[in-house]
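In case you want the letters, here they are:
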Amino acid sequence: MPAHDVLIIGAGLAGQRAALAAAGAGATVAIMSKVHPVRSHSNAAAGGINAALNPEDSWESHAFDTVKGSDYLGDQDAIEVMCREAPDEILWLEHAGVTFHRNDEGLLGTRAFGGASAARTYYVADITGQALLHVLYEQMMKHHRQIDSYEEWFVTALVQDDSGACCGCVCRNIRDGSMQLFSAKSVILATGGSGQCFKPTTNALICTGDGMAHAYRIGAPLMDMEMIQYHPTTLSGTGILITEGARGEGAHLYNALGERFMEKYAPNKMELASRDVVSRAEQTEINEGRGFPDGTVALDITKVPRKRTLEALREIVNIGRDFAGVDITREPIHILPGQHYIMGGVKTDVWGATPVPGLYAAGEVACVSVHGGNRLGANSLLDTLIFGRRAGEHAAERARGMRMPKASEASLQDERRAINAIVRRERGSGRRVSEIKLELGTMMNQNCAVYRDHEGLMEAHEIIRRLKEEAKTAYIDDRGTVFNQDVLGALELGYMLDVAECNVVAALVRRESRGAQYRLDFPERNDADWLKHVVLTADGADVPKISASPVAITQWQPGVRSY
Amino acid sequence: MPEYVLRIRRYSPDTGAAARWQDFTVDLEPHQSVLDGLLQIRDRQDGSVGIRSSCQAAICGSCGVRINGRPHLACHTHLESALGTSGDGIITVEPMGNMPVLKDLIVDMDAVHWKKIKRVTPWLVNSEPVPEREYVVPAQSMLDITQSMACIQCGCCVSDCLSMEVDPLFIGPAALAKAYRFVGDPRDGEHPARLKDLAQDPHGMYDCTHCFNCIEACPKGVAPMNQIMRLRRIASADYGIEDDNNGYRHEHAFVRNIERNGLLHEADLLPDSYGGKFHPRAVPALVGSLPAIVKALMRRKVTLGKALGHPHKAPDDVKRIFKVVHQRPERRELNLYVTGTEDEDEPTYARGGPTDGSSAGHTPAERSPNA
Ligand SMILES: Cc1cc2nc3c(=O)[nH]c(=O)nc-3n(C[C@H](O)[C@H](O)[C@H](O)COP(=O)(O)OP(=O)(O)OC[C@H]3O[C@@H](n4cnc5c(N)ncnc54)[C@H](O)[C@@H]3O)c2cc1C
Ligand code: SF4
Ligand code: SF4
Ligand code: FES
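Thresholds, definitions, all that
Residues numbered from 1 in each chain as written. Chains lettered and ligands numbered in written order. Predicted model: local features only at pLDDT ≥ 70, side-chain atom pairs only at ≥ 80, totals over all residues. Heavy atoms only, no water. Near = heavy atom within 4 Å. Areas by Shrake-Rupley, 256 points an atom, 1.4 Å probe, with all protein chains shown as cover. Helix = DSSP H or I, 4+ residues; strand = E, 2+ residues; numbered from the N terminus. Nonpolar A, V, L, I, M, F, W, Y, C, P; charged D, E, K, R; others polar. Buried < 20%, exposed > 50% of the residue type's maximum accessible area, 1.4 Å probe, protein only. Domains from an automatic or database assignment. Contact = heavy atoms within 4.5 Å. Buried area = accessible area lost by both parts, 1.4 Å probe. Salt bridge = Lys/Arg side-chain N within 4 Å of Asp/Glu carboxyl O. Polar contact = N/O pair within 3.5 Å; in protein donor to acceptor, adjacent residues only side chain to side chain. Pairing = 2+ DSSP bridges. Axes fitted to C-alpha atoms, helices over the stretch in contact; angles between N-to-C directions. Phe/Tyr/Trp six-rings, centres within 6.5 Å; stacked < 30°, edge-to-face > 60°. Core = buried A, V, L, I, M, F, W, Y, C linked by side-chain atoms within 4.5 Å.

Draft legend 1. Region of the structure containing the site of ligand 1. All names here are of chain A. The immediate surroundings of ligand 1 are formed by 38 residues, with Ser 40, His 41, Ser 42, Glu 364 and Leu 381 found nearest. In isolation ligand 1 offers 1,000 Å² of accessible surface; the protein chains occlude 98% of this area. Of all the secondary structure elements, the ones that give two or more residues to the shell around ligand 1 are α1 (13-24), β2 (29-33), β7 (153-160), α5 (210-217), β14 (333-342) and α11 (380-399). A per-class count over the shell around ligand 1 returns 16 nonpolar, 18 polar and 4 charged.

Draft legend 2. A look at unusual backbone geometry. Note the cis peptide between Lys199(A) and Pro200(A), where omega equals -5°. Structurally, Pro200(A) is set in the loop between β9 (179-189) and α5. Geometrically, the link from Val368(A) to Ser369(A) is a cis peptide bond, its omega value of 5° lying close to zero. For Glu152(A), which is not glycine, the phi dihedral falls at a positive 70°. Looking at the element boundaries, Glu152(A) is found in the loop between β6 (147-151) and β7. By relative accessible area, which is 10% here, Glu152(A) ends up buried. A positive phi angle, close to 70°, is found at Phe212(B), a residue other than glycine. Assignment of secondary structure puts Phe212(B) in the loop between α8 (191-200) and α9 (213-217).

Draft legend 3. Region of interest: the domain arrangement of chain B. All names here are of chain B. One can read the domain layout of chain B as domain 1 (3-107), domain 2 (110-233) and domain 3 (247-327). Relative to domain 2, the C-alpha centre of domain 1 lies at a distance of 28 Å. Every contact between the two is made by 17 residues of domain 1 and, on the other side, 18 residues of domain 2. Buried surface at the junction of domain 1 and domain 2, both sides included, amounts to about 1,300 Å², of which 54% is carbon and sulfur. It is Pro 71, Asn 98 and Met 99 that lose the most area in domain 1 upon contact with domain 2, and together they represent 40% of the buried surface on that side. Counting the contacts that link domain 1 with domain 2 gives 3 salt bridges. Residue Asp 160 pairs with Arg 70 through a salt bridge whose shortest N-O separation is 4.0 Å. For the interface between domain 1 and domain 2, the tally reads 8 residue pairs in polar contact (both at pLDDT 80 or more). Where the side of domain 1 that touches domain 2 is concerned, the elements lending two or more residues are β3 (64-67) and β4 (70-73). Of the residues in the side of domain 1 that touches domain 2, the class split is 8 nonpolar, 7 polar and 2 charged.

Draft legend 4. Molecular detail of the sheet that holds strand β13 (residues 297-300) of chain A. Residues and elements named next belong to chain A. Sheet architecture is open: 4 strands sit in the order β11-β14-β13-β12, paired in antiparallel fashion. Strands at the two margins of the open sheet, each flanked by one partner only, are β11 (228-234) and β12 (252-254). Put simply, the sheet's adjacent strands are angled 45° from each other on average, direction ignored. As paired strands, β11 and β14 are joined by 5 bridges and run antiparallel to one another. The residue of β14 that forms the bridge with Gln 229 is Tyr 341.

Draft legend 5. Geometry of helix α4 (residues 139-149) of chain B. Most of α4(B) is tucked away: 9 of the 11 residues are buried. Taken together, the buried positions of α4(B) are occupied by Ser141(B), Met142(B), Leu143(B), Asp144(B), Ile145(B), Thr146(B), Gln147(B), Ser148(B) and Met149(B). Residues of α4(B) that are buried sit in contact with α4 (128-142) and α9 (306-312) of chain A together with α7 (173-183) and α10 (224-239) of chain B.

Draft legend 6. Focus on the packing of aromatic side chains. All names here are of chain A. For the structure on display, the rule yields 8 aromatic pairs over all chains. A ring pair is formed by Tyr 150 and Phe 182, whose centres lie 4.8 Å apart and whose planes are at 85°; its orientation type is edge-to-face. Separated by 32 residues along the polypeptide, Tyr 150 in strand β6 and Phe 182 in strand β9 bring together distant segments of the chain. The interplanar angle of 15° and the centroid separation of 6.3 Å between the aromatic rings of Phe 154 and Tyr 495 together place this pair among those described as stacked. Highlighted residues: Phe 154 in strand β7 and Tyr 495 in helix α15 (residues 485-509), separated in sequence by 341 residues. On the accessibility criterion, Phe 154 (0% relative accessible area) is buried.

Draft legend 7. Expanded view of the nonpolar core. Formed by 139 residues in total, the largest nonpolar core has its most connected members in Ile49(A), Phe100(A), Leu38(B), Met205(B) and Leu231(B). Here this core gets 10 residues from one element, more than from any other, and that element is helix α3 (residues 76-96) of chain A. Two domains each donate at least three residues to this core, and these are domain 1 (3-107) and domain 2 (110-233) of chain B. If near-sequence neighbours (up to four positions away) are discounted, Leu38(B) is found in contact with Leu6(B), Ile8(B), Ile51(B), Ala74(B), Val93(B) and Leu105(B). Core analysis: the next-biggest nonpolar cluster, separate from the first, contains 88 residues, Cys169(A), Val187(A), Leu412(A) and Tyr495(A) among them.

Draft legend 8. Seen up close, the site of ligand 3. With respect to spatial proximity, 13 residues lie near ligand 3, and among them Cys151(B), Cys154(B), Gly155(B), Cys157(B) and Cys218(B) are the closest. Tallied by class, the residues present in the shell around ligand 3 amount to 10 nonpolar, 2 polar and 1 charged.

Draft legend 9. Here's a closer look at the pattern of salt bridges. All names here are of chain A. Taken as a whole, this structure holds 72 salt bridges over all chains when the rule is applied. Where Arg 260 meets Glu 271, a salt bridge forms, and the shortest distance between an N and an O atom there is 2.6 Å. In this pair, Arg 260 is assigned in the loop between β12 and α7 (262-265) and Glu 271 in the loop between α7 and α8 (275-287), connecting sequence segments 11 residues apart. Across the pair Arg 514 and Glu 512 runs a salt bridge, and its minimum N-O distance is 2.7 Å. On the basis of relative accessible area, Arg 514 is assigned to the buried category, the value being 1%. In this structure, a network of salt bridges that share partners links the residues Asp 71, Glu 226, Asp 276, Arg 280, Arg 510, Glu 512, Arg 514, Arg 525, Asp 527 and Arg 561.

Draft legend 10. Just the environment of Met140(A), in detail. All names here are of chain A. Along the chain, Met 140 turns up in helix α4. Residue class for Met 140 comes out buried when judged on its relative accessible area of 5%. Note: C-alpha distance between Met 140 and Asn 50 (90 residues apart in sequence) is 24 Å. Here Met 140 is in contact with Gln 16, Ala 19, Leu 20, Ile 31, Ile 147 and Ser 149, once residues within four sequence places are set aside.

Draft legend 11. Summary view of the sheet that holds β3(B). All names here are of chain B. Taken in spatial order, the 5 strands of this open sheet run β2-β1-β5-β3-β4, and their pairing is mixed. Looking along the sheet, the strands with just one partner apiece sit at the ends: β2 (20-27) and β4. Pairwise comparison of adjacent strand axes, ignoring direction, gives a mean angle of 35° for this sheet. As paired elements, strand β1 (residues 3-10) and β2 share 8 bridges and run antiparallel to each other. Its bridge partner being in β2, Arg 7 is matched across the sheet by Asp 23. Lying on the sheet, helix α1 (residues 34-45) is in contact with β1, β2, β3 and β5 (90-94); it crosses β2 at an angle near 95°.

Draft legend 12. Representation of the interface of chain A and chain B in the model. With 85 residues of chain A at the contact, the number on the chain B side is 92 residues. Interface area lost by chain A to chain B is led by Arg39(A), His95(A) and Arg314(A), which between them contribute 10%. For the interface between chain A and chain B, the tally reads 7 salt bridges. Between Glu94(A) and Arg187(B) there is a salt bridge whose closest N-O contact spans 2.9 Å. Connecting chain A to chain B are 38 residue pairs in polar contact (both at pLDDT 80 or more). Those elements giving two or more residues to the side of chain A that touches chain B turn out to be α3, β4 (110-111), α4, α9, α10 (314-324) and α15 of chain A. When residues in the side of chain A that touches chain B are grouped by element, the largest group, 9 residues, is from α4(A). Looking at side-chain class alone, the side of chain A that touches chain B contains 33 nonpolar, 24 polar and 28 charged residues.

Draft legend 13. Inspection of the environment of Ile419(A) at higher detail. Residues and elements named next belong to chain A. Position of Ile 419 relative to the elements: it lies in helix α12 (residues 409-424). Classification of Ile 419 by relative accessible area gives buried; the value is 2%. Sequence-wise, Ile 419 and Met 179 are 240 residues apart; in three dimensions their C-alpha atoms are separated by 9.9 Å. The residues touching Ile 419, leaving out its near neighbours within four places in the chain, are Thr 156, Arg 172, Met 179, Val 487 and Leu 491.

Okay, here's the thing in structure tokens:
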């Protein structure tokens, strides 16, 4: 049985950064990913990464913007850590080879992003995430002797020892269908987000919340699960994202009447207000009949010089052309808010440690919580890297001097049996897995979206309960072993249903409006009752058990949030 | 919604049966992608169809396949345009070439593509001393290598590389584009060693036959062949690295030939490539090439009269081009990453940065979001 000091599940930015940090600290490392690491969803990040590196800027300013952006739900101790360490992280990345944009003096150059009081977003054209991910993978190839990379391996469950500590995982080698048990002293979850619970979404097909469900199933708490970000500029139908960088470069939003409607909602920051604010503004325009007939508003970037657009937003030009048939340098493009990011996740401390001993989480799967009620653009890449590194270092530290645990074979047998049962289900024994997935996504996008209310959420919960039942008999077609993606889809559906249930339950519980959670029946923010995190645990029960956790406040008292 | 027929190459190692074609009908909008079609097949008809996919937006590099015989990203190919190139109204989808098939449309990228990437020391070897803050480098240099950084490692170029078909050991387009990402990076300290390595490897950068397939195949505009040409130019021009295949001199012979004659004068070309008619190296080369010359004569590609006389003198236009180029203080690499720009009379667009002090950065004052 393979055994390592540190086992990392997920090879996006958080996972790869953790692997490099743990290896740097002298640990033996395994990193595992259900897709080849460079296919991870981090590559979709277009806009950039925040840091107060400019001498004129300060980490306090960055931290305050983040706190305010979070609608005061972010934990300020964690936000301080992230913003303080950001500049060094950017320099580390630069030295590792990231081809960051330079200004005329040859120094790192920035662009403006929403919710920020300074232009502090560092970028590589509009392929920042891709450039970061590929450069980290270059570093992984460089350190291949210290890091065992298991590419196209799918983790199906975490394993605990008798004391409840996490000591490994069970996974399936996608290439041949074999099941394998891995032991490790520390395990880091870096499995990314859960956007596929919604349809459409800007998230890739692999973002199915696996790690959140794995952690939840062994008793780790999930936090802030009601906080789901809708990005203001996505293409209708496909959900493909137009980066906030576009607005950072100077693009405006118009309704069908030609009004620059952000004047009404955020007279100072206009298009560069926080995402929740802009998304709600758009949704209001659309709901009140001032959108275009296809249920959209217009993003107009034609005022930005064409050369600049082609240089800094080339990917968006391509997306406009290929996925909407529009030359965005010449005409506006129709957009609407679309599900994009989950602020919530597995609850961790500032070292990425979860309350389950030996289990860490970092990146979108985790909730530190630096994003609170709303994540600022370009803060997520930063989150993945800072807390990925910290988790890697801490996990390596924990492993030092520890005896190698031995994950129990029983869990391997359980997983094998469960998978065989799915594969053997008769066609027509129930619904198709894909059907259930579609129903879930469409429903969530209606009932658990920009605007929510009690009735809609109750209905959502009922539907999820039914879908969970149906999933038990849902069938697939593929009975093979090599690249049986069908059976993986069935497992992912199970994860998505767990995560979606937590989303809905948390949204029901929070009877106020804050950040991305807007309750039509409770339209005000209510600090007296709700300046706290909603925490959910499985606890052996059938539905999530609800508790609360205080918000860490260091230097910024909750204030009015206007842009 | 219109219907499209997708003819998919199926192969399952589980059954051991030979690969076969299977037709599926999907109904989707014309602007939807071939991947949308494949996913619909999987969702509604047959969940066992194997294809890697994730982002659906041409960014993760998972879904490289051959569509109607040509390499493409399935998510980046509209059904309508695939129908247009299909000939008989049936869109064929099969796995990429030059790599072993694992199942249906899934190929073994590790065995070929990634092995080659790992061959080119694919990480930055920092030039010393490593600065405390960022390396100060020209903005243009970062933009320039962004073209090869734009590579998503999809393998489409590898699929149809002609040289690789003949020589499977050829390092290949994607890996060489990756190599240029370091050779073009002023922060890398190993330029000469990298270039020497790529030059000395018999399957290295001189193995490319300029077939253009990789440029055509690449969905991200990386233009691997161009990066290979730049590697070669830098190797010879900046580091005096000799090319065993004589490619560099051959290229220069072309240039000199055109400069002199205005049109290509074949008879001079070969000896020029070897340093002139009377260079000792030219003799064996000329003798070795006799069959080719004779063939060319027979096909009237070259006439005897033309071969011996000099009917052309370079016209003034050609001379002028050469003059302009020669007067350039340094060689300019053509960066194709930023394409489609026109000379528009626009005020220079100020860029923000750590040094410009203003918090509004590069957004001009009249649309500053922070005002
Ligand atoms: C379109 C788009 C644009 C964005 N733009 C920006 C931006 O400009 N700036 C910014 O800061 N943020 C941006 N974000 C957000 C940011 O990209 C993500 O939050 C972040 O990259 C997540 O990284 P991660 O490492 O946590 O996860 P991911 O990169 O999603 O990686 C998850 C990894 O886990 C693996 N995995 C998952 N489940 C399993 C399993 N069961 N078994 C094995 N492996 C598994 C996957 O294979 C993958 O390797 C954007 C997001 C999107 C969708
Ligand atoms: S141009 Fe060269 S590298 Fe590109 S496909 Fe042809 S032979 Fe291969
Ligand atoms: S160079 Fe282009 S075609 Fe080749 S792997 Fe990279 S992105 Fe794909
Ligand atoms: S699915 Fe990502 S490139 Fe096609």
